[in-house]
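Take a look at the letters that make up each chain.
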2 protein chains.
Amino acid sequence: MTPKLKTATRNTQQRQVIKECIRKLSHPTADDVWHCVTDKLPNVNKTTIYRNLSRMVEDGALKRFMTENGVMLFDSTPERHYHLHCERCGRVFDVEPTLSDQIAEIVQREKQFLITGQKLILSGICAACQASAPAGNKKATTQT
Amino acid sequence: MTPKLKTATRNTQQRQVIKECIRKLSHPTADDVWHCVTDKLPNVNKTTIYRNLSRMVEDGALKRFMTENGVMLFDSTPERHYHLHCERCGRVFDVEPTLSDQIAEIVQREKQFLITGQKLILSGICAACQASAPAGNKKATTQT
DNA sequence: CTTTTTGCAAACCCTTTGCAAGACA
DNA sequence: TGTCTTGCAAAGGGTTTGCAAAAAG
């Protein structure tokens, strides 16, 4: 296979704002990023968001994963950590690396399965939702 | 909210064959089920497959989850267990309930997060693929 | 006969692609 | 300038919906 030499990268306005948004959002959908970006740069197309996010994933600057409803979320936290996805309120919580490691270790030891970081999502009901009565369902955005 | 009274259920030919296929396949996609069904009943529409699978999920006869590529898989194993999804060969492996319980326990203890069964999928590279060289990518079907 | 199901076609949603025009370096 | 990026429109792929015709009980 051809070595795939890397091409130059340009610092467009769009790209800059996208990066800012990535920094301030946590576990955003492409759509979340788009809303954030258009606050500052009103005419950015969603395609541009997708292309930039994909590029960042390729470059390893971002990770991405799929929720149970088939929407992808992006994550810029570099260390390996897992996610808890609350099915009631839609929020995504991080599991600290230490705890993640315990889990990864169990699986790797028992199943000889190599877990590639940041791809574990546990779905269920978060502590807050367990406490409160059956609540309304928010958007899938964060909270760590 | 209205109590939602349940309506009668009919035992169509299609439904019977779909159930058979569910029994013999493990972690199938809707498309897998469709292929299996049309072997026996050539003219079944994919919509019928979807509708029946969704219904079974509602009735609790089936669980379903999403892979990283946004395709849903169905699972008829009743006890709680988790899945290992190999990113290289696409196969899905079960994690026995005992091991799953260890993991669930850690998360529940440390994060007060209530895991609702069968929604944990660990992505990575399976033992076989680690052993062999970078292989071709099969379809996401099973192996336990 | 009445009500559930089916098949078909079209709608949906999110994500990706093709291409010409525009922006960076 | 040269080529990386963008915007727009259209294509894709899996899943869902609307509706009239067919089947189950």
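Because the structure is a prediction, the values reported are computed rather than measured.

**Q** Would you explain the protein's contact with DNA strand D in this entry?
**A** By nearness alone, 21 residues border DNA strand D, and Thr-48 and Arg-55 of chain A together with Arg-10, Tyr-50 and Met-72 of chain B come closest of all. Put simply, 62% of the atoms of DNA strand D that lie within 4 Å of the protein are in sugar or phosphate. In the model, a sugar or linking oxygen of DNA strand D is placed 3.4 Å from a nitrogen or oxygen of the Ala-8 of chain A main chain. Measuring from a phosphate oxygen of DNA strand D, one finds a side-chain N or O atom of Arg-15 of chain A at 2.9 Å. Sorting the residues of the surface near DNA strand D by element identifies helix H1 (13–24) and helix H3 (46–58) of chain A together with helix H3 (46–58) of chain B as the ones contributing at least two each.

**Q** Sorry, what's going on with the domain arrangement of chain A here?
**A** Where the parts come together, the accessible area they lose is often given as the size of the interface. Residue and element names in this part refer to chain A. According to the domain assignment, chain A consists of domain 1 (12–77) and domain 2 (79–134). Contact between domain 1 and domain 2 buries roughly 850 Å² in total, counting both sides, with carbon and sulfur atoms accounting for 60%. When the buried area of domain 1 at its contact with domain 2 is split by residue, His-27, Phe-65 and Thr-77 rank highest and sum to 54% of it. For the interface between domain 1 and domain 2, the tally reads 0 salt bridges.

**Q** I tried to follow the relation of the copies chain B and chain A on my own but got confused; where do I start?
**A** Each of the two chain copies can be generated from the other by rotation about an axis followed by a shift along it. Under the fitted operation, chain B is carried onto chain A by 0.0 Å of movement along the axis and a turn of 179°, and the coordinates agree to an RMSD of 0.2 Å. Considering both components of the superposition, the chain copies are consistent with a two-fold axis. Closest approach to the rotation axis among the C-alpha atoms of chain B is made by Gly-70 of chain B, whose C-alpha sits 2.6 Å away. Same-surface contact between copies: 100% of interface residues of chain B are shared with the interface of chain A.

**Q** Quick question: what am I supposed to make of the packing of aromatic side chains here?
**A** Both the distance between ring centres and the angle between the ring planes are used here to describe each pair of aromatic rings. The final tally for this structure, using the stated rule, is 0 aromatic pairs over all chains. A cation sits over an aromatic face here: Lys-46 of chain A above Trp-34 of chain A, 4.5 Å from the ring centre.

**Q** Would you take a moment to explain the protein's contact with DNA strand C for this structure?
**A** By nearness alone, 23 residues border DNA strand C, and Tyr-50 and Met-72 of chain A together with Arg-10, Thr-48 and Arg-55 of chain B come closest of all. Each atom of DNA strand C within 4 Å of the protein belongs either to a base or to sugar and phosphate, the latter forming 65%. Between DNA strand C and Met-72 of chain A there is a distance of 3.0 Å, counted from a phosphate oxygen to a backbone nitrogen or oxygen. For the surface near DNA strand C, the element with the highest residue contribution is H3 of chain B, accounting for 5 residues. Tallied by class, the residues present in the surface near DNA strand C amount to 5 nonpolar, 11 polar and 7 charged.

**Q** I'm lost on the interface of chain B and chain A in this one. Help?
**A** Taken together, the contacts link 37 residues of chain B with 37 residues of chain A. Where chain B abuts chain A, roughly 3,000 Å² becomes buried across the two surfaces, and 67% of that area is made up of carbon and sulfur atoms. Counting the surface chain B buries against chain A, the share from its top three residues, Glu-68, Lys-111 and Phe-113 of chain B, is 21%. Applying the counting criterion to the chain B and chain A interface returns 2 salt bridges. A salt bridge links Glu-96 of chain A to Lys-111 of chain B; the nearest nitrogen and oxygen atoms lie 2.7 Å apart. Where chain B packs against chain A, one counts 14 residue pairs in polar contact (both at pLDDT 80 or more). Listed by contribution, the elements that provide at least two residues to the side of chain B that touches chain A are strand E1 (63–66), strand E3 (82–86), strand E4 (92–95), helix H4 (97–111), strand E5 (114–115), strand E6 (121–125) and helix H5 (127–131) of chain B. The leading source of residues in the side of chain B that touches chain A is H4 of chain B, at 7 residues. Pairing analysis gives 2 bridges linking strand E6 (residues 121–125) of chain A to E5 of chain B, with the strands arranged antiparallel. Bridging across to E5 of chain B, Gly-124 of chain A finds its partner in Ile-115 of chain B.

Conventions used here
- Every chain is numbered independently, its residues counted from 1 as its sequence is written.
- All chains are assigned letters beginning at A, and all ligands numbers beginning at 1, according to the order in which they are written.
- Residues qualify for local features only when their pLDDT is at least 70, as the model is predicted, and side-chain atom pairs are given and counted only at 80 or more; totals for whole chains, interfaces and linings, by contrast, use all residues.
- Hydrogens and water molecules were not included; the side-chain quantities draw on all heavy atoms of the structure.
- By convention in this text, a residue qualifies as near a molecule or strand provided that one of its non-hydrogen atoms is within 4 Å of it.
- Two N or O atoms count as a polar contact when they lie within 3.5 Å, although within protein this holds only if one can serve as hydrogen donor and the other as acceptor, and sequence-adjacent residues are included solely when both atoms are side-chain atoms.
- Helix and strand labels come from DSSP, where a helix needs a run of H or I of at least four residues and a strand needs a run of E of at least two; each type is numbered from the N terminus.
- Domain ranges listed in this record stem from an automatic or a database domain assignment.
- Here's the idea: put two parts together, see how much 1.4 Å probe accessible area each one loses, and the total over both is what we call buried area.
- Salt bridge, as used here, is a side-chain nitrogen of Lys or Arg placed within 4 Å of a carboxyl oxygen of Asp or Glu.
- To line up the copies, we fit them by least squares on C-alpha atoms, keeping just the residues with pLDDT of at least 70 in both.
- We call two residues in contact whenever any of their non-hydrogen atoms come within 4.5 Å of each other.
- For Phe, Tyr and Trp, where Trp contributes only its six-membered ring, two rings pair if their centres lie within 6.5 Å, and the inter-plane angle classes them as stacked under 30 degrees, edge-to-face over 60, or tilted in between.
- Geometrically, a lysine NZ or arginine CZ counts as sitting over a ring once it is within 6 Å of the ring centre and also within 35 degrees of the ring normal.
- Each residue is assigned to one of three groups, with Ala, Val, Leu, Ile, Met, Phe, Trp, Tyr, Cys and Pro labelled nonpolar, Asp, Glu, Lys and Arg labelled charged, and all others, Gly among them, labelled polar.
- When DSSP finds two or more bridges between two strands, those strands count as paired.

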